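Coordinates in review
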Amino acid sequence: MKQPELGQRLAELRQQKSLTQEDLVEACNVSVRTIQRIESGEVTPRVSTIKILLSALDADFESFKNTINVTKTQDYLRSTESWLQVAWISGIVYFVLGFLDALLEYERFENFYEVDSIGFFVAAKIGYFLSYTLFVMGLIKLGDYFSNYLLKIAGFLMISLFAVITFFDVFSIFYPISDTNLLSLGAGESICVGAVGIVFGIGLMRLQDGMGQLAKIAGIIEVIVGFFFVVVILFFLGYLMLIPATIIEIILLFKGLEFIKSERIKN
């Protein structure tokens, strides 16, 4: 279903019936906040939600669908499906490499930021970044499908920040940075990642209308992770919280893949 035309048309139907948003809430038991976000084009609701709203408005779903351009093309659905397939698998790779990355960073710290094998360190960092990028791209694609622009923007910012952090990690191997500058740089990275992570979490929470409670839970955990990173001294708790956050987001991507598959079959 395509926004903002969908929301505008639903608002028109409601107004034609001389109903307020509160009246519609009583008729269909959908929260007023959800109705507001649908009508404003902030989110793209599930087909089941649209049918509930249309039933309360005494409108036929098929007739309604034919009045506006609401159907995603098969090419778009196949492309999104492919991205999500790659993304959830990349999420697993990213999750596993996260433990390797933590070990490498710990050993580097113990050796005063020197590594035994520069080639292995660089390869691990690049693999970690690439798997993360593909993983987040899947969430960005879900944001695109459900017209969740906040999630899309935050997702691209997260990837950009990760790219900068990866660059400096590799750079510091070849050109050592003083302890003072390294601490300042680390604090700056933590604050930036935390701030964008909070926005990213809010974006995930906005997927709730399309992807259910799992998206809300993932978003709440990401907001908590972001808070820990912003505080800096609590960054270690942030890293720990990333474990359940990543697992839930991988499941969310897989659930999204199944959803897109079903939508493609329907269309």
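Up top is the structure these notes are about.
Rules behind the numbers
- Residues numbered from 1 in each chain as written.
- Predicted model: local features only at pLDDT ≥ 70, side-chain atom pairs only at ≥ 80, totals over all residues.
- Heavy atoms only, no water.
- Helix = DSSP H or I, 4+ residues; strand = E, 2+ residues; numbered from the N terminus.
- Buried < 20%, exposed > 50% of the residue type's maximum accessible area, 1.4 Å probe, protein only.
- Contact = heavy atoms within 4.5 Å.
- Areas by Shrake-Rupley, 256 points an atom, 1.4 Å probe, with all protein chains shown as cover.
- Lys, Arg positive; Asp, Glu negative; His and termini not counted.
- Charge placed at Lys NZ, Arg CZ, Asp CG, Glu CD.
- Patch = residues over 30% accessible without salt bridge, like charges linked within 9 Å, V, L, I, M, F, W, Y side chains within 5 Å.
- Salt bridge = Lys/Arg side-chain N within 4 Å of Asp/Glu carboxyl O.
- Polar contact = N/O pair within 3.5 Å; in protein donor to acceptor, adjacent residues only side chain to side chain.
- Core = buried A, V, L, I, M, F, W, Y, C linked by side-chain atoms within 4.5 Å.
- Axes fitted to C-alpha atoms, helices over the stretch in contact; angles between N-to-C directions.
- Parallel < 35°, antiparallel > 145°, perpendicular 65-115°, else oblique.
- Left-handed = near helix turned anticlockwise from the far one by under 90°.
- Nonpolar A, V, L, I, M, F, W, Y, C, P; charged D, E, K, R; others polar.

Thoughts on the overall build of the chain
- Scanning the chain for helices and strands turns up 12 helices and zero strands.
- Mapped in sequence order, the helices and strands of the chain form the string α-α-α-α-α-α-α-α-α-α-α-α.
- With the C-alpha coordinates of the chain rotated into their principal frame, the extents come out at 70 × 35 × 25 Å.
- Within the span of the chain, comprising 267 residues, buried residues form 43% of the whole.
- Contacts in the chain between residues far apart in sequence, at least 24 positions, make up 73% of those at least 6 positions apart.
- Just so you have it, the chain exposes about 13,500 Å², and 65% of that area is on carbon and sulfur atoms.
- Here the chain contributes 21 positive and 27 negative side-chain charges, whose respective centroids are spaced 10 Å apart.

Topic: a nonpolar patch on the surface
- A grouping of F99, F235, F236, L237, Y239, L240, I243, I247 and I251 is seen on the molecular surface, where their side chains present a nonpolar patch of about 850 Å² in accessible area.
- Among the elements that line the nonpolar patch, the one with the most residues is helix α12 (residues 235-266), at eight residues.
- On the secondary structure map, I243 appears in helix α12.

A look at unusual backbone geometry
- Located in the positive-phi region is S18, a residue other than glycine, with phi close to 60 degrees.
- When you line up the elements, S18 lands in the loop between α1 (5-16) and α2 (21-28).
- If you check the backbone angles, N29 has positive phi at about 65 degrees while not being a glycine.
- With respect to the helices and strands, N29 occurs in the loop between α2 and α3 (32-39).

Section: the side chain of S131
- Inspection of the secondary structure assignment puts S131 in helix α7 (residues 118-145).
- Here Y128 takes part through its backbone oxygen, which lies 2.9 Å from a polar atom of the side chain of S131.

What about the nonpolar core?
- F200, L204 and L207 are the most contacted members of the largest nonpolar core, which totals 38 residues.
- For this core, the secondary-structure elements that each account for two or more residues are α6 (74-110), α7, α8 (149-174), α9 (179-205), α11 (213-231) and α12.
- Element by element, the count of residues in this core is highest for α7, at 10 residues.
- Not counting residues up to four positions away in its chain, the partners in contact with L204 are L139, L151, A215, K216, A218, G219, E222, E249 and L252.
- L6, C28, I50 and F64 belong to the second largest nonpolar core, which has 17 residues in total.

Some details on the environment of A124
- Mapped onto the fold, A124 is located in helix α7.
- When near neighbours in sequence (up to four residues on either side) are disregarded, A124 contacts L100 and L104.

Considering α3
- Restricting attention to buried positions, one finds in α3 the residues T34, I35, R37, I38 and E39.
- Elements in contact with the buried residues of α3: α1, α2, α4 (47-56) and α10 (208-211).
- G41 sits one or two residues past α3 and shows a positive phi near 85 degrees.

Remarks on α4
- Turning to α4, its buried residues number three or more, namely V47, T49, I50, L53, L54 and A56.
- In the segment just after α4, D58 is the residue with positive phi, at about 55 degrees.

Side note on the pattern of salt bridges
- Enumeration according to the criterion identifies nine salt bridges in this entry.
- Across the salt bridge formed by E12 and R9, the nearest N and O atoms sit 3.4 Å from each other. Separated by three residues within a single helix, E12 and R9 lie in helix α1, roughly one turn from each other.
- With relative accessibility at 38%, the residue E12 sits in the partly exposed group.
- Between D144 and K152 there is a salt bridge, with its nearest N and O atoms 3.1 Å apart.
- A relative accessible area of 18% places K152 in the buried class.
- Counted as one network, the salt bridges with shared partners bring together R33, R37 and E42.

A few points about the packing of α7 against α12
- Where α7 meets α12, the closest approach of the two axes is 10 Å, and the angle between their N-to-C directions is 45 degrees. Our classification of the angle between α7 and α12 gives oblique. The way α7 lies across α12 gives a crossing that is left-handed. Contacts between α7 and α12 involve F135, G138, L139, L142 and Y145 from the former and T246, E249, I250, L252, L253, G256, F259, I260 and E263 from the latter.
- Of the residues in the contact of α7 with α12, the class split is nine nonpolar, three polar and two charged.

These figures come from the coordinates and say nothing about function on their own.
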